[in-house]
Amino acid sequence: MWNLENKSKLWNGSQSIRLLVVIFCLTSFIVVILFRNNAGKSNLSFELENQRWNSFDSLVKIHPTKEFRNGTDVIWQVPDSPKAVLFLAHGCDGQALNFWDRSPDCLNCVGLPEERLIALHALSRKYAVISVSSSGSCWSFGKEVMVVKGIIRWWVAKQGLEKLPLVALGASSGGFFVSVLATELNFSSITLMIAEVVFDRVEKVENYPPTLFVHMPKDADRQKKIDKSMALIRNKGVDVAEIECMEFPLSPYLLADRIPGIDQSVSAKLFELFQHKGFIDGKGYLRNDGRATPWKEALKEDKTISVDEHLLHPIEEEMNLAFAYHEMTSLQTDQFFKWFESHMS
């Protein structure tokens, strides 16, 4: 009887220990998952908090030079003691003017929220920045590649920047364009945003530059194409990396923080309008991006909010960014430039 009782106690004891071990492991797993999730959210919150539209006011003064060359607009700015050259390529329906704020040096510059922050960030890090407008709505990959190649070579020589590393960043159609331009110019590295490589041009080329893919996983079709691109150039021995950009909620003052010309009162009223119309859910996440949301119609019907027409495009860009399906993003610029600088000899 004593042996049976002791065996029962030992059995119960071992079962209790096993149960405690299981509970401990599960708890540790949950803590790790929560930590990872919260870390991701905290990083995005940090970028939104510390990268407002005027974050570079004390670091950069805008004074671009604009020239019409070879049938297109070319805009550039060279900081004191530049350490590298950055070529920026816009997406479809974009233009070089989008990367620069309106100023006495460029009266028709536009300065879209994400584009301007990328250019300002680059200038603050001592990159000489050049942007070129496509000849059509989107970039083409034949003669236009040679035209831009010639413009960049002419400009680099004119500015005496031949010894500096040359890098490029393009978004959407501009990303495709940069992927092809990289077969013609000696970039030390490139960043392709919401775009894959143009396969028939890239797969035939050796010595392709290190490539960073910046994309939004919500676009599953593009994710597959980017995965294929990464495999293609990685098999060529090219250094490859990716950054995934996730959605984030709107807040009452987000638009005021991101867009020059929108004050906190207007930003808060727009947020309330989006709530009232059901464009955002209870946590502030957009149900669709700005292109698929009838917010402009709702704004016209609302007589209490006054928004200048030139601010409609910037507002839509920030809505697209928050929805994270297909949009230019400046939120990861620190990572872009770390990528560039890690591949400079």
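Residues numbered from 1 in each chain as written. Predicted model: local features only at pLDDT ≥ 70, side-chain atom pairs only at ≥ 80, totals over all residues. Heavy atoms only, no water.

## With respect to helix α3 (residues 143–159)
With 17 residues, α3 should reach 24 Å at 1.5 Å per residue; the first-to-last C-alpha distance of 25 Å fits that figure. By the burial criterion, the buried members of α3 are Glu144, Val145, Val148, Lys149, Ile151, Ile152, Trp155 and Val156. The buried side chains of α3 occupy one side of the element, clustering within an arc of 165° when seen end-on. The inward-facing, buried residues of α3 abut β1 (65–69), β2 (72–77), β3 (84–89), β4 (127–132), β5 (166–171) and α4 (173–181). Once α3 ends, the next one or two residues include Gly160, with phi positive near 70°. (Helix = DSSP H or I, 4+ residues; strand = E, 2+ residues; numbered from the N terminus. Expected span 1.5 Å × (residues − 1). Buried < 20%, exposed > 50% of the residue type's maximum accessible area, 1.4 Å probe, protein only. Arc of directions from axis to C-beta. Contact = heavy atoms within 4.5 Å.)

## Side note on the packing of helix α2 (residues 113–124) against helix α11 (residues 333–342)
At a minimum axis separation of 10 Å, α2 and α11 run at an interaxial angle of 45°. Considering their axes alone, α2 and α11 lie oblique with respect to each other. With respect to the hand of their crossing, α2 and α11 are arranged in right-handed fashion. Together, Ile118, His121 and Ala122 of α2 and Thr333, Asp334 and Phe337 of α11 make up the contact between the two elements. (Axes fitted to C-alpha atoms, helices over the stretch in contact; angles between N-to-C directions. Parallel < 35°, antiparallel > 145°, perpendicular 65-115°, else oblique. Left-handed = near helix turned anticlockwise from the far one by under 90°.)

## Concerning empty space enclosed by the protein
Under the definition given, this model contains one cavity of 30 Å³ or more. Leu250, Ser251, Pro252, Leu254, Leu255, Ser267, Phe271 and Phe274 are the residues that line the largest cavity. For the lining of the largest cavity, the secondary-structure elements that each account for two or more residues are α7 (254–258) and α8 (264–276). Residue contributions to the lining of the largest cavity peak at three residues, all from α8. (1 Å grid on protein atoms, 1.4 Å probe; cavity = no way out; pocket = protein on both sides within 12 Å on 5 of 7 lines; lining within 4 Å. Points joined across faces, edges and corners; volume = space filled by probe spheres on them.)

## Considering the side chain of Thr293
Note that Thr293 resides in the loop between α8 and α9 (295–301). We classify Thr293 as buried; its relative accessible area is 10%. Of the polar contacts made by the side chain of Thr293, one reaches the backbone oxygen of Asn288; its length is 3.4 Å. Filtering out sequence-adjacent residues up to four positions away, Thr293 remains in contact with Phe279, Asn288 and Met319. (Polar contact = N/O pair within 3.5 Å; in protein donor to acceptor, adjacent residues only side chain to side chain.)

## A closer look at the pairing of β2
A large share of β2 lies buried, amounting to six of its six residues. Burial of the side chains of β2 extends over both faces: Thr72, Val74 and Trp76 are buried on one face and Asp73, Ile75 and Gln77 on the other. Judged from the five bridges that link them, β1 and β2 form a sheet pairing that is antiparallel. The residue bridging Glu67 from the neighbouring strand is Val74, located in β2. What sits between β1 and β2 in their antiparallel hairpin is a turn of two residues, with Asn70 showing a positive phi close to 50°. (Pairing = 2+ DSSP bridges.)

## Side note on the state of the cysteines
Overall, the coordinates contain two disulfides when judged by the stated rule. Between Cys92 and Cys138 runs a disulfide, and the two sulfur atoms are separated by 1.8 Å. Negative torsions about the S-S bond denote left-handed disulfides, and the value of about 120° found for Cys92 with Cys138 makes this one right-handed. In this pair, Cys92 sits in the loop between β3 and α2 while Cys138 sits in the loop between β4 and α3, placing the two residues 46 residues apart along the sequence. A relative accessible area of 34% means that Cys92 is categorised as partly exposed. The class of Cys138 is partly exposed, set by a relative accessible area of 34%. Between Cys106 and Cys109 runs a disulfide, and the two sulfur atoms are separated by 1.9 Å. Across the S-S bond of Cys106 and Cys109 the torsion is about 85°, and the bridge reads as right-handed. Owing to a relative accessible area of 6%, Cys109 belongs among the buried residues under this scheme. Across the protein, the disulfide pattern expressed with sequentially numbered bonded cysteines is 1-4, 2-3. (Disulfide = S-S within 2.5 Å.)

## Details of the sheet that holds β5
One key point about sheets: their strands pair by backbone hydrogen bonds, in either a parallel or an antiparallel sense. In spatial order, the strands read β1-β2-β4-β3-β5-β6-β7-β8; together these eight strands make up an open sheet with mixed pairing. The sheet is open, and its two edges are formed by β1 and β8 (240–244), each paired on a single side. Taken over all neighbouring pairs, the strand axes of this sheet differ in orientation by 20° on average, direction set aside. Sheet topology places β3 next to β4; five bridges connect them, and they run parallel. Bridge pairing in β4 places Leu88 opposite Ser131. On the sheet, α2 packs against β2, β3, β4 and β6 (189–193) and is oriented at approximately 150° with respect to β4.

## Here we look at the confidence of the model for the protein
For the protein, mean pLDDT is 89; residues scoring 70 or higher make up 86% of the total. Note on residues 1–11: pLDDT is under 50 here. Beyond four places in sequence and across chains, it has zero contacts. Segment residues 20–42: pLDDT under 50, and zero contacts once partners within four positions in sequence are set aside and those in other chains are kept. (pLDDT = per-residue confidence, 0-100.)

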